[in-house]
Amino acid sequence: MDTSALIDSLHPLEIKVIMALGSRPAGTVLETEQLAAAAELEPSQLSMAIEWLLAKSLLVVHAETVTPMVSLTKVGEQYVSGASPIERVFSAAREVTSTGKRLTIPDLQAQDGLDPSDVSKAVGRLKKEGVLLIVQGGCIESTGRPSPTVEVIRVLLQQVSEASRELKSFPEAHRQVIEDYAVKRGNAKEPFRVDDRVTRSFMLSPAGVAAAEHLAKEGVAEEVSQLTPELLKDGSWRNKRFRKYTISLRAPRIGTGKKHPYREFLDTVKTKLVSMGFQEMRGSLVETEFWNMDALFMPQFHPARDVHDVYFVKHPTHAAKIAAPFLSRVTKAHQDGGKTGSTGWKYAFNAERAKRLVLRSQGTAVSARTLASAPAVPGKYFSIARCFRYDQVDATHATDFFQVEGIVLGEDINFRTLLGLLNLFAREVAQAKEVKFLPAYFPFTEPSVEMHVRHPRLGWMELGGAGLFRAEVTLPLGVTVPVIAWGLGLDRMAMVALGIHDIRELFTDNLDLIRTTRGIF
Amino acid sequence: MPTISIFKDDFESLLTLGGRAKGSVSPVSIEQLEDWLMLVKGELKGHNQETGELRIELQDSNRPDLWCCEGIARQIRIKQQGKLKPYPFFAKKTKKGQSLIVAPGLEQVRPYVAACTARGYRVTEEGLAQLIQTQEKLADIFGHKRKTVSIGIYQLSKIAFPVTYELVKPDQAKFTPLGMETVMTLAEILMVHPKGLEHGHILAGQSRLPILCDAKNQPLSFPPIINSREVGEVRVGDDELFVEVTGTDQLMVVLTLNIFAANLADRGATIEPVEVQYPKTTPLGKRVITPQDLGNSKTIQVKTIEQALGQELGVKVVKQALEVYGYEVSAGKGTVKAKLPPYRQDLMHAMDVVEDVAISRGYGEFAPVMPAQFTVGGLSRIEQTSDRARELMVGLGFQEIISNIMGSPESYRDTMRLADTEWGRMVEVENAMTLTFSCLRQWMLPSLLRVEAASNRAFYPHRLFEAGDVAIPDDAHELGSRTETVLGAVIAHATAHFSEIHSCLDILFYHLGKDYSLEPVQHPSFLEGRAGRIVVAGKPIGVIGEVHPEVLERWQITVPVVSFDVNLSQLTDLS
């Protein structure tokens, strides 16, 4: 990197350090503290700048010195205003001697705030100094002499309480006391602490000297890292230099507000359907067997109505009633066809069974309700309904899933317009140009069609099923025009588009996955 | 619907009536087969090149005649031959006193029976496999796991007519059932035999049980449970068979026998009917000759067919289309009288014939036409509110979640400290497969905590929302519950705080154009004193608060969570 590019990349803190050294005679060596003063930096700023400059090899460490320093511990700080154990033992001995009272070592040890081991240590030291005597009965007595240790400790506590001091600045006698009363391994309760202070001194490297000369010659516009309202207000941004960023770095991660990727897909479908003139229908998660199946001409003995296919509600088990006249008309349609032109299923319809509450198992239940509520003719309706099937949950079966379904009512509805509508779905929803129509079976439609499309990326796939509602469905619900019933199987298309292979992942609890899955357009 | 297994060369030989010898038929390509399968609503699911086994799924639950190799081949064969060659035995009287006598009392147990004999077809390996498969599929799916219909096939040579269908006490009759080595009473079969254990419930509560015996009082079978091993085990090489069907629906019983008779006839057997003599008259009379053509026919205006299909066809085209699909058709002036072949009974409405015309001609023959009607599209009010709320939540920096609505009482109620509270009432399912999926959510917060609990490695903060349906129990509602759309939101990070979620709620309501107030509420899922009821126009429509630490502990969530739940349905109804 050439010098000017290097200079451009320097942070203001770095420039201050370089200038502090560069403005002094060549080869100047400064210690950390001196450098802080010269560069007018806070210790934290300085340490950052030093690390950066060392990394860029503009600064070198000249020397590293280790200095033992004396400071007070928490215990020591308490002794500054209070009294140390040895001071307390010393004055207690003086007091009993002058008043003639008796005081034993255990008495002392029992005193408030005194540790037995501290008492023993103090008594031992004072006795050795000839300050204290142990007389008959284990009582202590003062000899009246002063204690050098007590005096030194008091002096030291005062001297170190302001700031730590170098160990070597103390006289030998004091150093001995410090040694005796400093925390060591296994004895943490002493008043003094001796730590090594590492002091480094720094000088500019040859590259640093070159940078300093360059800076001195060119002068430095004051560099700022951030454009501020103040800079804009007074126009002073014109005299500033803006520090350059390393723009190739990765952007920091942020969490964003976002639709769920599957929902985004369903929203696209919803918008398409509305744009094609479809009105949305809503329904209930809990339905009667009547609307879920009977109204759709599924006989009550139909294999898909078994306990192994549908979820039954525990409480209440049955709806109070089914709205007239639908119950009686549907009953007749099942039994003998009623007025539908059908022979019916020829069995005894169970009205109680019709009231049984189940979890909606097909979106067509919503269509049945719409047919019974005097829909518009011509009319187009759709729903995106959550449905429930009694299936073992696995990669292709979920307990509940979305069904996109709907109806089209109109005088001009017939088999060919049904195929035309499916063509439209293929083009608009699946962007498919090639379509295949296969005969299919649904209990409620006749004729019935299955539509396969060649998706531009996914190849041939089943897009949906449809048919003309049977008269046994429409007439009892009061609809006299032909009705297309259609359903689109979008789960698979969504799964392939979202790159997932397990249907359960559509409703995943993995936030990372939801955050990182891209939506579909 | 059923998926069956057939063998390609067996299928190919059946394309010619009577079944030609293997090797003398030209092989059918898979493409050709798939094309033909459209005639039977079938889909090829698998093909084993080595064994020639084809797996085919049949969609139509009203066409049990198609759930076998013979039926599929027949439908294709008629199309190629232009017409169904009538089966002679449907017109015939009984031969040589082949009768079956039904004893009184069976009308309370399993009333109906139909039977026939098949001679002159030597059972092949593939033929036997098909017989067994058809028997199973028809009894299981069409016959509702043998409840309505079950089938037995026997070695005719060991049977002396007349056969009787009667009731006996459970320990009165005994025979060696298929799959067993020893003689057992009917009671023992019910208690020990796998088929007895599987299907015994059909006869639950009966003091006397049905049995079929021959003239020498030799038991043939214990319907619908199991055949006798002596008489009721058909082997490769047998060339004289007795087929019977018992059940609770006479038309279904006869239809099932018709299918078996046609299948065996297609393989070259000569079918002889059996006269069933009932003690009392039945819907088909007191003496019923089976198989029997049930003569289902309908006269339909050709105009009706043309309208439904959207295409002019004319009488001739319709007649031809139906004939090549197996119907017997007589044309009138602008009408056709269409009669189903005897192995079908699925004509309920003119539209059933319409579909067969379309299938027979091929769906590709009908050019799609765009529906021309003009209609105005739109979203429901609740969906509009919900979309607006979702948009605002996204703007507020929330990630949308979609969850299953079905879950467990543990996660929706117990972990939320809501047991025995009004908030803990839910719609529960009676026949849950597992507790994990046994009820519907009654509010949104647990769905979001589910994600939170699984995502402690995803970088924070977490801001999640879901707008979706819940089911709220309501005794006054006709369905016992209301389905309503609820918006739930959570914020989770080390310093998540009430005011943070409160600000979001405030913005949301401002832009939804609703004034709200918060009233203190004691809700067990939230910290006391840090939860509020959201009230709009005097009506509580939600709750906001700091989630109770005990709830977080139960979900094993290790950061504070604040949340709100707003009932969008009720909010929409308030304006």
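Our subject is the structure listed above.
One structure accompanies this document, and this report is about it. Predicted model only: the values in this text are computed from it and were never measured. (Residues numbered from 1 in each chain as written. Chains lettered and ligands numbered in written order. Predicted model: local features only at pLDDT ≥ 70, side-chain atom pairs only at ≥ 80, totals over all residues. Heavy atoms only, no water.)

## Concerning the overall build of chain A
Here's step 1: Secondary structure assignment for chain A yields 21 helices and 17 strands.
Here's step 2: Compactness check: chain A gives a C-alpha radius of gyration of 46 Å against a globular reference of 24 Å for 521 residues, more than 25% above the reference.
Here's step 3: Expressed as lengths along the three principal axes of its C-alpha atoms, the size of chain A is roughly 130 × 80 × 40 Å.
Here's step 4: Here chain A, with 521 residues, has 50% of them falling under the buried criterion.
Here's step 5: Contacts in chain A between residues at least 24 apart in sequence constitute 69% of all its contacts with a sequence separation of at least 6.
Here's step 6: Working note: accessible area of chain A is about 24900 Å², and carbon and sulfur atoms make up 53% of it.
Here's step 7: Separation of charge centres in chain A, based on 64 positive and 60 negative side chains, amounts to 5 Å. (Helix = DSSP H or I, 4+ residues; strand = E, 2+ residues; numbered from the N terminus. Rg over C-alpha atoms; globule rule 2.2 N^0.38 Å. Buried < 20%, exposed > 50% of the residue type's maximum accessible area, 1.4 Å probe, protein only. Contact = heavy atoms within 4.5 Å. Areas by Shrake-Rupley, 256 points an atom, 1.4 Å probe, with all protein chains shown as cover. Lys, Arg positive; Asp, Glu negative; His and termini not counted. Charge placed at Lys NZ, Arg CZ, Asp CG, Glu CD.)

## Comments concerning the packing of helix 8 (residues 302-309) of chain B against helix 9 (residues 314-323) of chain B
Residue and element names in this part refer to chain B.
Here's step 1: Orientation of helix 8 relative to helix 9, taken along the N-to-C sense of each, is 80 degrees, at an axis distance of 10 Å. It follows that helix 8 is roughly perpendicular to helix 9 by the angle criterion. In this structure, helix 8 uses Val302, Ile305 and Glu306 to contact helix 9, whose residues at the interface are Gly314, Val315 and Val318.
Here's step 2: Grouping the amino acids of the contact of helix 8 with helix 9 by side-chain chemistry returns 4 nonpolar, 1 polar and 1 charged. (Axes fitted to C-alpha atoms, helices over the stretch in contact; angles between N-to-C directions. Parallel < 35°, antiparallel > 145°, perpendicular 65-115°, else oblique. Nonpolar A, V, L, I, M, F, W, Y, C, P; charged D, E, K, R; others polar.)

## Some words on the sheet that holds strand 27 (residues 561-567) of chain B
All names here are of chain B.
Here's step 1: One open sheet holds the 7 strands; their spatial order is 19-22-23-27-26-25-24, and the pairing between them is mixed. The sheet is open, and its two borders are formed by strand 19 (399-400) and strand 24 (517-520), each paired with just one other strand.
Here's step 2: Looking at chain direction, strand 26 (residues 539-547) and strand 27 are connected through 5 bridges and run antiparallel. Bridge pairing links valine 543 to aspartate 565 in strand 27. (Pairing = 2+ DSSP bridges.)

## A word on the pairing of strand 15 (residues 445-455) of chain A
Residues and elements named next belong to chain A.
Here's step 1: For strand 15, a buried count of 10 out of 11 residues is recorded, marking the element as mostly surrounded by other parts of the structure.
Here's step 2: Inspection of the sheet shows strand 14 (residues 434-439) paired to strand 15 by 6 bridges, in the antiparallel sense. Bridge pairing in strand 15 links leucine 438 to glutamate 450.
Here's step 3: Taking the residues between adjacent antiparallel strands as the criterion, strand 14 and strand 15 are bridged by 5 residues.
Here's step 4: Where strand 15 hands over to strand 16 (residues 459-469), the hairpin turn is made up of 3 residues, counted between the paired strands.

## Concerning the pattern of salt bridges
Here's step 1: As enumerated under the stated definition, the model contains 72 salt bridges over all chains in all.
Here's step 2: One salt bridge in this structure joins aspartate 65 of chain B and arginine 63 of chain B, with 2.9 Å as the shortest N-O distance. Of the two residues examined, aspartate 65 of chain B and arginine 63 of chain B, each falls in the buried class.
Here's step 3: What emerges from the salt-bridge pattern is a single network uniting Lys259, Arg263, Asp267, Lys270, Glu280 and Arg282 of chain A together with Glu383, Asp387, Arg390, Glu400 and Asp469 of chain B. (Salt bridge = Lys/Arg side-chain N within 4 Å of Asp/Glu carboxyl O.)

## A short note on the interface of chain B and chain A
Here's step 1: Listed as interface residues are 88 residues of chain B and, on the opposing side, 103 residues of chain A.
Here's step 2: For the pair chain B and chain A, the summed buried area comes to about 8000 Å², and 56% of that belongs to carbon and sulfur atoms.
Here's step 3: If you sort the residues of chain B by the area they bury against chain A, Met348, Ile402 and Phe459 of chain B come out on top, with a joint share of 10%.
Here's step 4: Across the pair lysine 270 of chain A and glutamate 383 of chain B runs a salt bridge, and its minimum N-O distance is 2.7 Å. (Buried area = accessible area lost by both parts, 1.4 Å probe.)

## Re the nonpolar core
Here's step 1: Membership of the largest hydrophobic core comes to 164 residues, with the highest contact counts inside it found for Tyr262, Phe425 and Trp486 of chain A together with Phe11, Leu100 and Phe242 of chain B.
Here's step 2: With 11 residues, the single largest contributor to this core is helix 7 (residues 250-266) of chain B.
Here's step 3: In this structure, Phe297, Val330, Cys387 and Phe444 of chain A belong to the second largest nonpolar core, which totals 33 residues. (Core = buried A, V, L, I, M, F, W, Y, C linked by side-chain atoms within 4.5 Å.)

## Here we look at the sheet that holds strand 1 (residues 3-7) of chain B
Residue and element names in this part refer to chain B.
Here's step 1: With antiparallel pairing, 3 strands are arranged side by side in an open sheet as 1-3-2. Both edges of this open sheet fall to strand 1 and strand 2 (42-47), since each of them pairs with a single strand only. Averaged over all pairs of adjacent strands, the angle between their axes in this sheet comes to 30 degrees, without regard to strand direction.
Here's step 2: Of the pairings in the sheet, the one linking strand 2 to strand 3 (residues 53-58) comprises 5 bridges and is antiparallel in character. Residue pairing across strands places glycine 46 opposite arginine 55, the latter belonging to strand 3.

## Looking at the packing of aromatic side chains
Here's step 1: Inspection of every chain in the model, using the stated rule, returns 24 aromatic pairs over all chains.
Here's step 2: Ring centres of tyrosine 87 of chain B and phenylalanine 89 of chain B lie 5.5 Å apart, and the angle between their planes is 45 degrees; on these two criteria the pair is classed as tilted. Across this residue pair, the class does not change: tyrosine 87 of chain B and phenylalanine 89 of chain B are buried.
Here's step 3: Through a chain of ring-to-ring contacts, the aromatic side chains of Phe297, Phe301, Trp345 and Tyr347 of chain A assemble into a single cluster.
Here's step 4: Directly above the ring of phenylalanine 278 of chain A sits lysine 380 of chain A, whose terminal nitrogen or CZ lies 5.8 Å from the centroid.
Here's step 5: It is arginine 386 of chain A that lies over the ring of phenylalanine 402 of chain A; its NZ or CZ is 4.5 Å from the centre. (Phe/Tyr/Trp six-rings, centres within 6.5 Å; stacked < 30°, edge-to-face > 60°. Lys NZ or Arg CZ within 6 Å of the ring centre and 35° of its normal.)

## Some remarks on the side chain of serine 408 of chain B
All names here are of chain B.
Here's step 1: By secondary structure assignment, the location of serine 408 is in the loop between strand 20 (406-407) and helix 12 (409-414).
Here's step 2: Residue serine 408 is classed as buried on the basis of its relative accessible area of 11%.
Here's step 3: In this structure the side chain of serine 408 is engaged in a polar contact, spanning 3.1 Å, whose partner is the side chain of serine 411.
Here's step 4: Among all residues touching serine 408, those that are not within four sequence positions of it are Leu435, Thr436, Ser438 and Cys439. (Polar contact = N/O pair within 3.5 Å; in protein donor to acceptor, adjacent residues only side chain to side chain.)

## Topic: the environment of glutamate 446 of chain A
Here's step 1: Structurally, the position occupied by glutamate 446 of chain A is in strand 15.
Here's step 2: A relative accessible area of 6% places glutamate 446 of chain A in the buried class.
Here's step 3: In sequence terms glutamate 446 of chain A and lysine 380 of chain A are 66 residues apart; their C-alpha atoms lie 19 Å from each other.
Here's step 4: The residues contacting glutamate 446 of chain A, other than those within four sequence positions of it, are Leu468 and Arg470 of chain A together with Met351, Asp352 and Glu355 of chain B.
Here's step 5: A distance of 3.4 Å separates polar atoms of two side chains, one belonging to glutamate 446 of chain A and the other to arginine 470 of chain A.

## Digging into a nonpolar patch on the surface
Here's step 1: Together, Leu227, Leu232, Trp237 and Phe242 of chain A make up a nonpolar patch on the protein surface, roughly 370 Å² of accessible area in all.
Here's step 2: The class for leucine 232 of chain A is exposed, based on a relative accessible area of 52%. (Patch = residues over 30% accessible without salt bridge, like charges linked within 9 Å, V, L, I, M, F, W, Y side chains within 5 Å.)

## Some thoughts on the side chain of serine 236 of chain A
Here's step 1: Residue placement: serine 236 of chain A occurs in the loop between helix 12 (229-233) and strand 8 (240-242).
Here's step 2: Residue serine 236 of chain A is classed as buried on the basis of its relative accessible area, which comes to 17%.

## What about the pairing of strand 17 (residues 483-488) of chain A?
Within a regular strand, the side chains alternate between the two sheet faces.
All names here are of chain A.
Here's step 1: By the criterion of burial, strand 17 is predominantly enclosed, with 6 of the 6 residues buried.
Here's step 2: With 6 bridges joining them, strand 13 (residues 400-409) and strand 17 adopt antiparallel strand pairing. What sits directly across from valine 404, in strand 17, is leucine 488.
Here's step 3: Pairing of strand 16 with strand 17, which is carried by 5 bridges, proceeds in the antiparallel orientation. Bridge pairing links glycine 464 to leucine 488 in strand 17.

Note that all results are geometric; they support no functional claim without further evidence.
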